[in-house]
Amino acid sequence: GEDVEQSLFLSVREGDSSVINCTYTDSSSTYLYWYKQEPGAGLQLLTYIFSNMDMKQDQRLTVLLNKKDKHLSLRIADTQTGDSAIYFCAESHSGGYQKVTFGTGTKLQVIP
Amino acid sequence: NAGVTQTPKFQVLKTGQSMTLQCAQDMNHNSMYWYRQDPGMGLRLIHYSVGAGITDQGEVPNGYNVSRLNKREFSLRLESAAPSQTSVYFCASSEMVYNEQFFGPGTRLTVL
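Residues numbered from 1 in each chain as written. Chains lettered and ligands numbered in written order. Predicted model: local features only at pLDDT ≥ 70, side-chain atom pairs only at ≥ 80, totals over all residues. Heavy atoms only, no water.

Some words on the packing of aromatic side chains
Worth spelling out the cut-off: Only centres within 6.5 Å qualify two rings of Phe, Tyr or Trp (six-membered ring in Trp) as a pair; their planes then separate them into stacked at under 30 degrees, edge-to-face at over 60, and tilted for everything else. Buried residues are those whose accessible area, probed at 1.4 Å on protein chains only, stays under 20% of the maximum for their type, while exposed residues exceed 50% and partly exposed ones sit between those limits. Charges are assigned to positions over rings by a cutoff of 6 Å between ring centre and Lys NZ or Arg CZ, combined with an angular limit of 35 degrees from the ring normal.
According to the stated counting rule, one finds twelve aromatic pairs over all chains in the structure shown. A centroid spacing of 6.3 Å and a plane angle of 35 degrees characterise the contact between Tyr31 of chain A and Tyr33 of chain A, whose relative ring orientation is tilted. A single burial state applies to Tyr31 of chain A and to Tyr33 of chain A, both of which are buried. Here Tyr33 of chain A and Tyr35 of chain A contribute two aromatic rings whose centre-to-centre distance is 6.0 Å and whose plane-to-plane angle is 45 degrees, an arrangement assigned as tilted. For the pair Tyr33 of chain A and Tyr35 of chain A, a shared accessibility class is recorded, and that class is buried. Ring pairs connect the aromatic residues Tyr31, Tyr33, Tyr35, Tyr48, Phe50 and Phe102 of chain A together with Tyr33, Tyr35, Phe90 and Phe103 of chain B, which therefore count as one cluster. Its end group placed over the ring of Tyr48 of chain A, Lys56 of chain A keeps NZ or CZ at 4.2 Å from the ring centre.

Examining unusual backbone geometry
Spelled out, the test is: Labels follow the DSSP assignment, with helices taken as runs of H or I lasting at least four residues and strands as runs of E lasting at least two, numbered in each case from the N terminus.
Cis geometry marks the peptide bond from Thr7 of chain B to Pro8 of chain B, where omega comes out at -5 degrees. At Lys70 of chain A, a residue that is not glycine, the phi angle is positive and equals roughly 55 degrees. Mapped onto the elements of the fold, Lys70 of chain A is located in the loop between strand 7 (61–66) and strand 8 (71–76). Judged by its relative accessible area of 22%, Lys70 of chain A falls in the partly exposed class. A positive phi angle, near 50 degrees, is found at Asp78 of chain A, a position not held by glycine. Relative to the assigned elements, Asp78 of chain A resides in the loop between strand 8 and strand 9 (85–92). Looking at Asp78 of chain A, the relative accessible area reads 41%, which means it is partly exposed.

Regarding the pattern of salt bridges
In plain terms, the rule: Whenever Lys or Arg places a side-chain nitrogen within 4 Å of a carboxyl oxygen from Asp or Glu, that contact is recorded as a salt bridge.
Counted by the stated rule, this structure contains seven salt bridges over all chains. Glu38 of chain A is the salt-bridge partner of Lys36 of chain A, the closest N and O atoms lying 3.2 Å from each other. A salt bridge links Arg44 of chain B to Asp38 of chain B; the shortest N-O distance between them is 2.9 Å. Here the salt bridges share partners, and the residues they tie into one network are Arg36, Asp38 and Arg44 of chain B.

Digging into the interface of chain A and chain B
This is how it is decided: Contacts are residue-level and defined by heavy atoms, with any inter-residue pair within 4.5 Å sufficient. When two components associate, each loses some accessible surface as probed by a 1.4 Å sphere; the sum of these losses over both components is called the buried area. Nitrogen and oxygen atoms within 3.5 Å of one another constitute a polar contact, given that in protein one can donate a hydrogen and the other can accept it, and given that sequence-neighbouring residues count only through two side-chain atoms. We call Asp, Glu, Lys and Arg charged. Ala, Val, Leu, Ile, Met, Phe, Trp, Tyr, Cys and Pro are nonpolar, and the rest, Gly among them, are polar.
Facing the 21 residues of chain A at the interface are 22 residues of chain B. Taken together, both faces of the contact between chain A and chain B bury some 1,700 Å²; the carbon and sulfur share is 60%. Between the two partners, chain A and chain B, sit zero salt bridges. Counting every contact that joins chain A to chain B gives three residue pairs in polar contact (both at pLDDT 80 or more). Contributing elements (two or more residues each) for the side of chain A that touches chain B: strand 4 (31–37), strand 5 (43–50) and strand 9 of chain A. Among the elements that make up the side of chain A that touches chain B, the one with the highest residue count is strand 4 of chain A (four residues). A breakdown of the residues in the side of chain A that touches chain B according to their chemical character gives eleven nonpolar, nine polar and one charged.

A short note on the state of the cysteines
Just so we agree on the cut-off: Cysteine sulfur atoms are paired as a disulfide whenever they fall within 2.5 Å.
Tallied over the entire structure, the rule returns two disulfides over all chains. Bridging Cys22 of chain A to Cys89 of chain A, the disulfide has an S-S length of 2.0 Å. Disulfide Cys22 of chain A-Cys89 of chain A: the torsion about the S-S bond is -65 degrees, which places it as left-handed. Here Cys89 of chain A lies in strand 9 and Cys22 of chain A lies in strand 3 (residues 18–24), a separation of 67 residues in the sequence. The pair Cys22 of chain A / Cys89 of chain A is uniform in exposure class, with both members buried. In this model, Cys23 of chain B is linked to Cys91 of chain B through a disulfide, with the two sulfur atoms separated by 1.8 Å. Across the S-S bond of Cys23 of chain B and Cys91 of chain B the torsion is about -75 degrees, and the bridge reads as left-handed. Taken as a pair, Cys23 of chain B in strand 3 (residues 19–25) and Cys91 of chain B in strand 9 (residues 87–94) lie far apart in primary sequence, 68 residues in all. Since its relative accessible area comes to 0%, Cys91 of chain B is described here as buried.

Laid out in structure tokens, this is it:
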């Protein structure tokens, strides 16, 4: 079955860039997502990328996809304390109902 | 629009008690989901529904029943709670365009 893996923890200093990595096993994934979960809240979609894209940029966020290695990364430029949260990588297919498989989440700690 | 709402926010049960977690969405989404979130395990899908009266099992359905009486509401019932069901429960909804899921704020359930 599908599997999505992430490291559990990342610590960065305020103002530095953060890079959160994810690997997935399903080569037929169509959509790959990054969700953010702030303390005590539900997940919120940050950005997503189609599997036929290599890169997507949205303000401070850059998503890189290496489809050959099934590797997805999220780069946050100029990381702020408000970026402290858990970040989930996820994948799904297209067509009809397709469930979304979530990774275990990476807790980002931003040190002032 | 309220998005996805869940009640209650917190609940403590004794082993063997029953309860129903309520979820409602006002985005006219066809698909709704129940997940549980446990430390280090990401989100695991319990049950999902693609329309009123249509439900199906997810990854961890045992011990849970669901009901989708209309498009707006999706409830999760624990008939006989067990300590292993201590978790944070999230309801989500989506349309099928690119499967973005919208999450509720969660219910924190403790079973003693």
